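# A structural walkthrough
Read off the chains here:
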Amino acid sequence: MKYAFYTLGCKVNQYETQAMQQLLLARGDTLGEFDGVCDCYIVNTCTVTAVSDKKSRNAIRRARKLNPNAVIGVCGCYAQTAPEEIRKLDVDVLIGTDGRAEFLDKLAAAAAEKLRWEHVEDAGLPRAFEQLPSGGLAERTRALLKVEDGCNNFCTYCIIPYARGRVRSLPLENAVAEARKLAAEGYREIVVNGIEISSWGWEWHDGSCLRQLLAALCAAVPSVRIRLGSLEPRTIDEEFCKTLSGFENLCPQFHLSLQSGSDSVLRRMHRKYDSARYLQSVELLHRYFPGCAVTTDLIVGFPGETEEEFSESLAFLKTCGLSMFHIFPYSRRKGTPAADMPGQIPNAVKERRAAEAASAAAELEAQYHTSMLGTTQQVLFEQEENGLYAGHAMNYIKVYVQAADLHNEIRAVRVTELYRDGVLGELE
């Protein structure tokens, strides 16, 4: 059978799509393009915002039009939280956020026997970590390694704990074995990801923590760069920094979720830190990893957010000296506490605040890029773009050079000027 995928959302979804593709190829199936005629279309959905819900529905409709006789399979967070909406879209196989191998079995059965199948169990029920093959199908440069699933934080704006369930982790020895396999396959960088990797090992109640996992991974594959997914600020303490600063292959790029720089908004969000604790984490990172990139997420227009609270947020972000931040207008998610909070912000106000925040973000990013001028960066090159070769430095800044045939090479580059969405440099 020929399968095509349409994947929305986070790196965990990307990882799971890549894993399913590998499983299909191992079974002797083939892969096609989503816009072409295939035997089966798989839509791996996201539900972080209303926009992602809409994109998921549109992808399902498009697949049915491409081949009315094809098998349509839908999985992911939107499928988990709103199966009743997906049932209306003429799908053949529907599953939530677990059981990817079983999902593929049912797709094959649906094609052979013309039967429909659905299994969306309560995400709050106990689940085991489903280990899937790591890596990807593209030319080997950067691989995703999923080490954790689920979230126990229950922030008031977030639907993900209801979609992904509770924290469950990949055992340390399994993670190390996967990393060694990826290194042997030629990957030069591994991105450690999950829904909430800061909670890795929590469910075992034996003192296991992310710091131990990262130290083991760095030591196991010293020639491979280890990059981290999103972190909670509480993860960053003296012991974390002291331990991991000793590994040269740990990428000095740390994405610390903030969401708001106003303590009153953070309390309404049910975040487990305040601005003082967040700033402490940033300062520790800069002390132990000089020149590191610290990035974050910002939600604007959270219910009840006043102009003063919004201004306080922007001022705090500038105080932290972040290198970049992503801006998300608050999206009302049915079933979350924030959806029923008073003081819902009009879309026009959210859009204005998002634009203002984007301007501040661009300024901080330009400052960080400027600070790289004259420095030498180790760059992992990935592909040719407009006559130049492009890759990413350890801090994930995009670097361009005038060269050819550098795919999957790590080379020293002296940064000479700002360029497009990154910097331009010369090979040393």
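Here is a short report on the structure shown in this document.

So, how was this worked out
- Residues numbered from 1 in each chain as written.
- Predicted model: local features only at pLDDT ≥ 70, side-chain atom pairs only at ≥ 80, totals over all residues.
- Heavy atoms only, no water.
- Helix = DSSP H or I, 4+ residues; strand = E, 2+ residues; numbered from the N terminus.
- Rg over C-alpha atoms; globule rule 2.2 N^0.38 Å.
- Buried < 20%, exposed > 50% of the residue type's maximum accessible area, 1.4 Å probe, protein only.
- Contact = heavy atoms within 4.5 Å.
- Areas by Shrake-Rupley, 256 points an atom, 1.4 Å probe, with all protein chains shown as cover.
- Phe/Tyr/Trp six-rings, centres within 6.5 Å; stacked < 30°, edge-to-face > 60°.
- Pairing = 2+ DSSP bridges.
- Core = buried A, V, L, I, M, F, W, Y, C linked by side-chain atoms within 4.5 Å.
- Axes fitted to C-alpha atoms, helices over the stretch in contact; angles between N-to-C directions.
- Parallel < 35°, antiparallel > 145°, perpendicular 65-115°, else oblique.
- Left-handed = near helix turned anticlockwise from the far one by under 90°.
- Nonpolar A, V, L, I, M, F, W, Y, C, P; charged D, E, K, R; others polar.
- Expected span 1.5 Å × (residues − 1).
- Salt bridge = Lys/Arg side-chain N within 4 Å of Asp/Glu carboxyl O.
- 1 Å grid on protein atoms, 1.4 Å probe; cavity = no way out; pocket = protein on both sides within 12 Å on 5 of 7 lines; lining within 4 Å.
- Points joined across faces, edges and corners; volume = space filled by probe spheres on them.

### Focus on the overall build of the chain
From N to C terminus, the chain includes 13 helices and 18 strands. Taking 2.2 N^0.38 as the reference for a compact globule, 428 residues should give roughly 22 Å; the C-alpha atoms of the chain span a radius of gyration of 22 Å, in line with that estimate. Across the 428 residues in the chain, those meeting the buried criterion constitute 53%. Here the analysis covers contacts within the chain between residues at least 6 apart in sequence; of these, 73% occur between residues at least 24 apart. Within the structure as shown, the chain displays about 17,900 Å² of accessible surface, and the carbon and sulfur contribution to it stands at 51%.

### What to know about the packing of aromatic side chains
Considering all chains together, one arrives at 11 aromatic pairs under this definition. For the pair Tyr6 and Phe34, a centre-to-centre distance of 5.2 Å together with 50° between the ring planes defines the contact as tilted. Of this pair, Tyr6 sits in strand E1 (residues 2-7) while Phe34 sits in the loop between strand E2 (30-31) and strand E3 (40-45); the two residues are 28 residues apart in sequence, bridging distant segments of the chain. Residue classification places Phe34 among the buried positions, given a relative accessible area of 6%. Their ring planes at 65° and their centres at 6.3 Å tell us that Phe381 and Tyr389 sit as a pair that is edge-to-face.

### Observations concerning the pairing of strand E16 (residues 398-401)
By the alternation rule, side chains of E16 split into Lys398 and Tyr400 and Val399 and Val401, which are all buried. The pairing of strand E15 (residues 388-393) with E16 spans four bridges and is classified as antiparallel. Across the sheet, residue Tyr389 finds its bridge partner in E16, namely Val401. Linking two consecutive strands that pair antiparallel, namely E15 and E16, is a turn of four residues; a positive phi of about 75° is found at Tyr396 within it.

### Description of the nonpolar core
Core analysis: the largest hydrophobic core is formed by 57 residues, its most contacted members being Leu217, Ile226, Leu231, Phe240, Phe254, Tyr278 and Leu285. If you tally residues by element for this core, the top one is helix H8 (residues 210-220), at seven residues. If we skip the residues at most four places from it in the chain, Tyr278 touches Pro233, Leu256, Ser257, Leu258, Tyr273, Thr295, Thr296, Phe316, Cys320 and Leu322. Among the nonpolar cores identified, the runner-up in size contains 20 residues, and Val43, Ile60, Ile72 and Ala82 belong to it.

### Quick look at the packing of helix H12 (residues 307-320) against helix H13 (residues 347-371)
Running from amino to carboxyl end, H12 crosses H13 at an angle of 15°, the nearest separation of the two axes being 11 Å. Between H12 and H13, the angle falls in the class roughly parallel. In terms of crossing hand, the pair formed by H12 and H13 is right-handed. Each of Glu307, Phe310, Leu314, Leu317 and Lys318 in H12 lies in contact with H13, whose residues at this interface are Val349, Arg352, Arg353, Glu356, Ala357, Ala360 and Leu364. Its residues assigned to classes, the contact of H12 with H13 shows seven nonpolar, no polar and five charged.

### Considering helix H11 (residues 275-288)
Between the first and last C-alpha of H11 there are 20 Å, a value that for 14 residues agrees with the 20 Å anticipated at 1.5 Å per step. Residues Ser275, Tyr278, Ser281, Val282, Leu284 and Leu285 constitute the buried set of H11. Looking at the buried positions of H11, the neighbouring elements they touch are helix H9 (238-244), strand E11 (253-255), helix H10 (263-269), strand E12 (293-300) and H12.

### What to know about the side chain of Ser323
The residue Ser323 is located in the loop between H12 and strand E13 (324-329) in this model. Sequence-distant contacts of Ser323, that is, excluding residues within four places in its chain, are made with Ala293, Val294, Thr295, Leu364, Glu365 and Tyr368.

### What about the sheet that holds E12?
The parallel open sheet is built from three strands, whose spatial order is E11-E12-E13. Unpaired on one side and paired on the other, E11 and E13 mark the two borders of the sheet. For this sheet the average axis-to-axis angle between neighbouring strands, irrespective of direction, equals 15°. Across six bridges, the pairing between E12 and E13 is parallel. Bridging from a neighbouring strand, Thr296 pairs with Phe325 of E13. Each of E11 and E12 is contacted by H11, which is oriented at about 160° to E12, the strand it contacts most.

### What to know about the pattern of salt bridges
Here the structure, examined in full by the defined rule, presents 34 salt bridges. For the salt bridge of Glu382 with Arg142, the shortest nitrogen-to-oxygen distance reads 3.1 Å. With a gap of 240 residues between them, Glu382 in strand E14 (residues 376-385) and Arg142 in strand E7 (residues 142-149) connect regions that are remote in the sequence. Among the ionic pairs, Lys146 bridges to Asp149, the shortest N-O distance being 2.8 Å. Look at the salt bridges and you will find they share partners, linking Glu16, Arg100, Lys146, Asp149, Arg164 and Arg168 into a network.

### Section: the sheet that holds strand E10 (residues 225-228)
Whether parallel or antiparallel, the strands of a sheet pair through hydrogen bonds between backbone atoms. Read from one edge to the other, the open sheet built from four strands follows the order E8-E7-E9-E10, with strand pairing classed as mixed. The outermost strands of the open sheet, each flanked by one partner alone, are strand E8 (168-169) and E10. Packing of helix H1 (residues 11-26) onto the sheet brings it into contact with E7 and strand E9 (189-194), and relative to E7 it is tilted by some 110°. Most of the contacts of helix H7 (residues 172-184) go to E7, to which it runs at about 170°, and overall it touches E7 and E9.

### Quick word on the layout of surface pockets
Considering only enclosed or pocket space, the second largest pocket measures out at about 310 Å³ in volume. Considering the residues around the second largest pocket, the lining is formed by 17 residues, among which Glu248, Leu250, Pro252, Pro290 and Met394 are closest to the centre. No other element matches the three residues that E14 contributes to the lining of the second largest pocket. Along the lines of polarity and charge, the residues of the lining of the second largest pocket split into nine nonpolar, seven polar and one charged.

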